[in-house]
Amino acid sequence: MSKFWSPFVKDLVPYVPGEQPKLSKLVKLNTNENPYGPSPKAIAAMQLELNDDLRLYPDPNGDRLKQAVAEYYGVQPAQVFVGNGSDEVLAHAFHGLFQHEAPLLFPDISYSFYPVYCGLYGIEYQQLALDEQFQIRVEDYARPNGGIIFPNPNAPTGCLLPLEAIERLLQSSPDSVVLVDEAYIDFGGQTAIALVDKYPNLLVTQTLSKSRSLAGLRVGIAVGHPDLIEALERIKNSFNSYPLDRMAIAGAAAAFADRDYFEKTCQQVIESREAVVAGLQGLGFEVLPSAANFVFARHPGKDAATLAAGLREQGVIVRHFKQQRIAQFLRITIGTPEQNQALLDALQGL
């Protein structure tokens, strides 16, 4: 702590990202990265941007990407916002759309960045407990609020809330923004973007880091009513008018256009997930139903921290959370079939 820090900075509790180890030859199943590379068309599009035009600023609006997203989801470009990773998009939503007269509501087991943003922007919040099956209870959110946010599928549980439940939640809070954070939706769920024309208080965020294998590019999007998008644009243009570079805009647009590659790799992850679930259950693990590119599992007779440490000794890294309700769970990213088998083989000896 420095004497030059402001009182505001001293009180912040930052988000801690998943470990990015520098060691080679690790089976890295801790940060939900896609085991398959980006679309070759996305790589080719980015390579075309490596020319003298890099001396020029990129399009501040990212219109090429907005158009690609709009065409993919059947919405208007005015309903699309693009930013430097979905975390930045979320930050702008926290800053520009959630009200301070009542608390923001989100699950007690959820994306751990949400309380960080609340601290950053001075937003009061309430964390509502998931049920015994780690599912969101929609009826709990029918109370005064300054906004509602939750991942779908939830993180780190992987559990999915169906669209009809999301619609009931929207109907119970028509005067506040409901943000559905869909980082993992492409691995087994139906996007709530289908509801944005019906509910002007709905904002849906997504990332290209997971299902489109572009975690290193840092691209996120939001889709919602043009009034919500305008608020995000006002925040963005007061913070960083050029959040996406030329390569990011080109590569992300091409990734949305390459539907065949996207659908093929998503299906490969889904099939591998089912194989991992079967393998874990065969080893005695309880595995929550997952619609994401990871599973959340615990063993009734083995300590999760001990398992995580034992896996690490064998070169396999998974994510262990110390939060009380989930301290006996491991979050395991779905890797290639070879990586998944290495995980199961390592667990057999623990």
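Residues numbered from 1 in each chain as written. Predicted model: local features only at pLDDT ≥ 70, side-chain atom pairs only at ≥ 80, totals over all residues. Heavy atoms only, no water.

A closer look at the overall build of the protein chain
Here's step 1: Secondary structure summary: the protein chain contains eleven helices and twelve strands in total.
Here's step 2: Relative to its length of 350 residues, the protein chain is compact, with a C-alpha radius of gyration of 20 Å against a globular reference of 20 Å.
Here's step 3: For the C-alpha atoms alone, the extent of the protein chain along its principal axes is close to 55 × 50 × 50 Å.
Here's step 4: Of all 350 residues assigned to the protein chain, the portion counted as buried reaches 55%.
Here's step 5: Pairs at least 24 residues apart make up 72% of the contacts formed inside the protein chain by residues separated by at least 6 positions.
Here's step 6: On the protein chain, roughly 16000 Å² of surface is accessible, and the fraction owed to carbon and sulfur atoms is 52%.
Here's step 7: For the protein chain, the distance from the average site of its 29 positive side-chain charges to the average site of its 39 negative ones is 6 Å. (Helix = DSSP H or I, 4+ residues; strand = E, 2+ residues; numbered from the N terminus. Rg over C-alpha atoms; globule rule 2.2 N^0.38 Å. Buried < 20%, exposed > 50% of the residue type's maximum accessible area, 1.4 Å probe, protein only. Contact = heavy atoms within 4.5 Å. Areas by Shrake-Rupley, 256 points an atom, 1.4 Å probe, with all protein chains shown as cover. Lys, Arg positive; Asp, Glu negative; His and termini not counted. Charge placed at Lys NZ, Arg CZ, Asp CG, Glu CD.)

Some remarks on a nonpolar patch on the surface
Here's step 1: On the surface, Met1, Trp5, Phe8, Val9, Leu12 and Leu120 cluster together to form a nonpolar patch covering roughly 570 Å² of accessible area.
Here's step 2: In this structure Phe8 comes out as partly exposed when scored by relative accessible area, which is 44%. (Patch = residues over 30% accessible without salt bridge, like charges linked within 9 Å, V, L, I, M, F, W, Y side chains within 5 Å. Salt bridge = Lys/Arg side-chain N within 4 Å of Asp/Glu carboxyl O.)

A word on the UniProt feature "domain: Aminotransferase class I/classII large" (unreviewed entry) in the protein chain
Here's step 1: Those residues carrying the UniProt feature "domain: Aminotransferase class I/classII large" (unreviewed entry) are residues 25–347 in this numbering.
Here's step 2: Split by type, residues 25–347 is 37% helix and 16% strand. Its first and last C-alpha atoms lie 18 Å apart. (UniProt positions renumbered as here; feature names shortened; annotations may be inferred.)

Some words on the pairing of strand S12 (residues 330–333)
Here's step 1: Taking every second residue as pointing to the same face, both faces of S12 are buried, with Leu330 and Ile332 on one and Arg331 and Thr333 on the other.
Here's step 2: Pairing analysis gives four bridges linking strand S10 (residues 294–298) to S12, with the strands arranged antiparallel. Note on S12: the bridge partner recorded for Phe294 is Thr333.
Here's step 3: Pairing of strand S11 (residues 316–320) with S12 involves two bridges; the strand directions are antiparallel. Bridge pairing in S12 links His320 to Leu330. (Pairing = 2+ DSSP bridges.)

A closer look at the domain arrangement of the protein chain
Here's step 1: Splitting the protein chain by domain gives domain 1 (14–37 + 260–349) and domain 2 (40–258).
Here's step 2: On a C-alpha basis, the centroid separation for the pair domain 1 and domain 2 is 25 Å.
Here's step 3: Of the residues lining the interface, 30 residues belong to domain 1; the matching set on domain 2 comes to 30 residues.
Here's step 4: Interface area, domain 1 with domain 2, both sides summed: about 2500 Å², of which 61% is carbon and sulfur.
Here's step 5: Applying the counting rule to domain 1 against domain 2 returns one salt bridge.
Here's step 6: Inspection of the domain 1/domain 2 interface yields 13 residue pairs in polar contact (both at pLDDT 80 or more).
Here's step 7: Mapped onto the side of domain 1 that touches domain 2, the elements with two or more residues apiece are helix H9 (259–282) and S10. (Domains from an automatic or database assignment. Buried area = accessible area lost by both parts, 1.4 Å probe. Polar contact = N/O pair within 3.5 Å; in protein donor to acceptor, adjacent residues only side chain to side chain.)

Concerning the packing of aromatic side chains
Here's step 1: Inspection of every chain in the model, using the stated rule, returns 16 aromatic pairs.
Here's step 2: Ring centres of Tyr72 and Tyr73 lie 4.8 Å apart, and the angle between their planes is 80 degrees; on these two criteria the pair is classed as edge-to-face.
Here's step 3: Judged by relative accessible area, Tyr72 falls into the buried class, the value being 17%.
Here's step 4: Through a chain of ring-to-ring contacts, the aromatic side chains of Phe94, Phe98, Phe106, Tyr111, Phe113, Tyr114, Tyr117 and Tyr125 assemble into a single cluster.
Here's step 5: In this arrangement the basic side chain of Arg212 is found over the ring face of Tyr72, its NZ or CZ atom lying 5.0 Å from the centre.
Here's step 6: The ring of Phe294 is capped by Arg331, whose NZ or CZ atom sits 5.7 Å from the centre of that ring. (Phe/Tyr/Trp six-rings, centres within 6.5 Å; stacked < 30°, edge-to-face > 60°. Lys NZ or Arg CZ within 6 Å of the ring centre and 35° of its normal.)

Side note on the pairing of S10
Here's step 1: Burial of S10 is extensive: four of the five residues sit out of reach of the surface.
Here's step 2: The sheet contact formed by strand S9 (residues 286–287) and S10 spans two bridges and is antiparallel. Each bridged residue has a counterpart across the sheet, and for Val287 the counterpart in S10 is Ala297.
Here's step 3: Hairpin remark: S9 followed by S10, antiparallel, with six residues in the connecting loop.

A short note on unusual backbone geometry
Here's step 1: With an omega dihedral of -5 degrees, the bond running from Asn152 to Pro153 counts as a cis peptide bond.
Here's step 2: Position of Pro153 relative to the elements: it lies in the loop between strand S5 (147–151) and helix H6 (163–172).
Here's step 3: With an omega dihedral of 15 degrees, the bond running from Ala155 to Pro156 counts as a cis peptide bond.
Here's step 4: Here Pro156 is to be found in the loop between S5 and H6.
Here's step 5: A positive phi is found at Phe134, a non-glycine position, where the angle reads about 65 degrees.
Here's step 6: Tracing the backbone through its elements, the reader meets Phe134 in the loop between strand S4 (125–128) and S5.
Here's step 7: On the accessibility criterion, Phe134 (5% relative accessible area) is buried.
Here's step 8: Unlike most non-glycine residues, Arg218 shows phi in positive territory, near 65 degrees.
Here's step 9: The topology assignment puts Arg218 in the loop between strand S7 (202–207) and strand S8 (220–224).

Regarding helix H3 (residues 63–73)
Here's step 1: Considered for burial, the residues of H3 that qualify are Leu65, Lys66, Ala68, Val69, Ala70, Tyr72 and Tyr73.
Here's step 2: Just downstream of H3 lies Gly74, where phi reads positive at about 70 degrees.

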